[in-house]
Amino acid sequence: MLLLALDTATPAVTVALHDGRDVIASSSQVDARRHGELLLPAIDRILAEAGLRLDAVTGVVAGIGPGPYTGLRVGLMTADTFGLALGVPVHGVCTLDGLAYAADLEGPFVVATDARRKEVYWARYSDSRTRVTDPAVDRPADIAEQVEGLPAVGAGALLYPDTFPKAHEPQHVSAAALARLAAEKLAAGEELPAPRPLYLRRPDAQVPKNYKVVTPK
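Scoring rules and cut-offs
Residues numbered from 1 in each chain as written. Predicted model: local features only at pLDDT ≥ 70, side-chain atom pairs only at ≥ 80, totals over all residues. Heavy atoms only, no water. Core = buried A, V, L, I, M, F, W, Y, C linked by side-chain atoms within 4.5 Å. Buried < 20%, exposed > 50% of the residue type's maximum accessible area, 1.4 Å probe, protein only. Helix = DSSP H or I, 4+ residues; strand = E, 2+ residues; numbered from the N terminus. Domains from an automatic or database assignment. Contact = heavy atoms within 4.5 Å. Axes fitted to C-alpha atoms, helices over the stretch in contact; angles between N-to-C directions. Left-handed = near helix turned anticlockwise from the far one by under 90°. Nonpolar A, V, L, I, M, F, W, Y, C, P; charged D, E, K, R; others polar. Salt bridge = Lys/Arg side-chain N within 4 Å of Asp/Glu carboxyl O. Pairing = 2+ DSSP bridges. Polar contact = N/O pair within 3.5 Å; in protein donor to acceptor, adjacent residues only side chain to side chain.

Right, let's get into the nonpolar core. Soluble globular proteins tend to bury their nonpolar side chains together. Ranked by size, the top nonpolar core spans 28 residues in total, and within it V61, V93, L96, F109, V111 and Y125 carry the most contacts. Put simply, the parts of the chain that give this core at least two residues each are β1 (3-7), α3 (95-103), β6 (109-114), β7 (120-127) and α6 (175-187). Among the elements that line this core, the one with the most residues is α6, at 8 residues. Residue-level mapping places this core at the junction of two domains, with at least three residues from each of domain 1 (3-94 + 173-188) and domain 2 (96-168). If near-sequence neighbours (up to four positions away) are discounted, V111 is found in contact with L96, L99, A100, Y121, W122, A123, Y125 and V153. Counting 24 residues, the second-largest nonpolar core is a separate cluster that includes L39, A42, A62 and V88.

Right, dumping it as structure tokens:
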């Protein structure tokens, strides 16, 4: 097994290789505006670090969000393209699940990432491997009662200490954690879903109100 894992649902552009036993190479760069520029060079870099070629990959793991439209689609389109070109399966893993797995906490806690617009993408977990609510997007103040007293991880939690007073690292997901989680699930015989994006809301980009449509004569 050689899994190539990647995620672009947060400001982190993160990739990793997992050989069925553990992560053998990984890279993470935080830059919310350069997902498209950074992703492919990062994949080339970790393959070179591991001394492997792309055709050695037997499966692709992609973080499916939730996340902003533009960044998230970069990773998902790349994963789908590699899957088609290599003829290998592409597995989807919730980005929040990867953060929860990396946090390695016992007992109930919350994962929250920055959704912009003064909102967070979030979910509750009973432990680092078990999500107990569907991913959602809300203003922190609107979910204060639901998360009261719970530890929290993720950049969204760190941004809003009034709602998440027990927030701590990690801020962003790592592909290393996604790869380990996916490998664990696959080894247990669990079927992972296809990489369909969790957008949860409309894109930030909007057509200008005074946009003029020109039709050919």
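A few words now on the packing of helix α1 (residues 35-50) against helix α2 (residues 69-86). At their nearest, the axes of α1 and α2 sit 9 Å apart, and the two run at 35 degrees to each other. Once α1 is placed against α2, the crossing between them reads as right-handed. In this structure, α1 uses H35, G36, L39, L40 and I43 to contact α2, whose residues at the interface are G71, V74, G75, T78 and F82. Considering only residue class, the contact of α1 with α2 consists of 5 nonpolar, 5 polar and no charged.

What follows deals with the pattern of salt bridges. Applying the stated criterion to the full structure yields 8 salt bridges. A salt bridge links D19 to R21; its shortest N-O distance comes to 3.0 Å. A salt bridge links E190 to K185; its shortest N-O distance comes to 3.3 Å. Judged by its relative accessible area of 38%, E190 is partly exposed. The network of salt bridges with common partners includes D31, R34 and E37.

For β6, the buried fraction is high: 5 of the 6 residues fall into the buried class. The sheet contact formed by β6 and β7 spans 6 bridges and is antiparallel. From the neighbouring strand, V111 faces β7, where its bridge partner is A123. In this structure, the hairpin formed by β6 and β7 is closed by a connection of 5 residues, where R116 is found at a positive phi of approximately 60 degrees. Note that β6 and strand β10 (residues 152-153) share 2 bridges and pair parallel. Looking at β10, one finds that V110 is bridged to A152.

Domains assigned within the chain are domain 1 (3-94 + 173-188) and domain 2 (96-168). Between domain 1 and domain 2, the C-alpha centre-to-centre distance is 23 Å. Taken residue by residue, the interface counts 13 residues in domain 1 and 12 residues in domain 2. For the pair domain 1 and domain 2, the number of links is 5 residue pairs in polar contact (both at pLDDT 80 or more). Take the side of domain 1 that touches domain 2: its biggest share by element is 5 residues, from α6. Taken together, the residues that form the side of domain 1 that touches domain 2 break down as 8 nonpolar, 3 polar and 2 charged.

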